[in-house]
Amino acid sequence: MTIFGMQISSEILTAVAAILLSLVLNYVPGLNVKWAALAKEAKQLVMLLLITIVAAASLGLSCAGLFQSYFSIPCTQAGAEFLVVQWIIAAVANQTIYKLSPQLKSVRMVWNK
């Protein structure tokens, strides 16, 4: 896939999507305060659950023939193995960005309560 004249691999696209998920939960006003109120373990579980749901839906929709595009995943063992690798990339990118993202003042206030 080419975006802005650059060749983008599926691995980079996966990492970017997972990073965006983390940034949305950290910085969208209102949502970030609710997110900050959750326990660390709950946040990690929710993130992994969201990534898993997207991965499973992608494979399921591709196998059902309902999602046919550049991003379709072959409904084969190789497709499932590819999806596992993408899931790992997404999980690592998501959790890394979460830990590296500076917290807003409103979020720090929730933590200090």
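Residues numbered from 1 in each chain as written. Predicted model: local features only at pLDDT ≥ 70, side-chain atom pairs only at ≥ 80, totals over all residues. Heavy atoms only, no water.

Moving on to the overall build of the protein chain. When helices and strands are counted, the protein chain shows five helices and two strands. Mapped from its N terminus to its C terminus, the protein chain presents α and β elements in the order β-β-α-α-α-α-α. Counting every position in the protein chain, which comprises 113 residues, the buried fraction comes to 26%. Considering only intrachain contacts with a sequence separation of at least 6, the fraction spanning at least 24 residues in the protein chain is 69%. When the accessible surface of the protein chain is split by element, carbon and sulfur atoms take 74% of a total near 7300 Å². (Helix = DSSP H or I, 4+ residues; strand = E, 2+ residues; numbered from the N terminus. Buried < 20%, exposed > 50% of the residue type's maximum accessible area, 1.4 Å probe, protein only. Contact = heavy atoms within 4.5 Å. Areas by Shrake-Rupley, 256 points an atom, 1.4 Å probe, with all protein chains shown as cover.)

So, on to the nonpolar core. Core analysis: the biggest nonpolar cluster contains five residues, these being Ala-15, Ala-18, Ile-51, Ala-90 and Ala-93. Among residues more than four places away in sequence, those in contact with Ala-15 are Ile-89 and Ala-93. (Core = buried A, V, L, I, M, F, W, Y, C linked by side-chain atoms within 4.5 Å.)

On the surface, a cluster of nonpolar side chains totalling about 250 Å² of accessible area is made up of Ile-12, Val-16 and Leu-20. Tracing the backbone through its elements, the reader meets Val-16 in helix 1 (residues 10–27). We classify Val-16 as partly exposed; its relative accessible area is 40%. (Patch = residues over 30% accessible without salt bridge, like charges linked within 9 Å, V, L, I, M, F, W, Y side chains within 5 Å. Salt bridge = Lys/Arg side-chain N within 4 Å of Asp/Glu carboxyl O.)

The next subject is the confidence of the model for the protein chain. Taken residue by residue, the protein chain gives an average pLDDT of 79. The fraction at 70 or more is 80%. Within the protein chain, helix 4 (residues 77–100) carries the highest mean pLDDT (87), whereas helix 5 (residues 105–111) carries the lowest (61). (pLDDT = per-residue confidence, 0-100.)

This paragraph deals with helix 3 (residues 40–63). In this model, helix 3 (24 residues) spans 35 Å end to end at C-alpha, consistent with the 34 Å of a helix rising 1.5 Å per residue. Residues of helix 3 that are buried: Lys-43, Met-47, Ile-51, Ala-55 and Ser-62. Looking at the residues trailing helix 3, positive phi occurs at Gly-65, about 80°. (Expected span 1.5 Å × (residues − 1).)

Here we take up the environment of Leu-61. Residue position: Leu-61 is located in helix 3. Residue classification places Leu-61 among the partly exposed residues on the basis of a relative accessible area of 38%. Through-space distance from the C-alpha of Leu-61 to that of Ile-73 is 8.9 Å; in sequence the pair is 12 residues apart.

On to the state of the cysteines, then. Across all of its chains, the model carries one disulfide by this definition. Note on cysteine connectivity: Cys-63 is disulfide-linked to Cys-75, with sulfurs 2.0 Å apart. On the sign convention where negative is left-handed, the bridge of Cys-63 and Cys-75, at about 105° about the S-S bond, is right-handed. Pair noted here: Cys-63 is in helix 3 and Cys-75 is in the loop between helix 3 and helix 4, with a separation of 12 residues, a long-range link. (Disulfide = S-S within 2.5 Å.)

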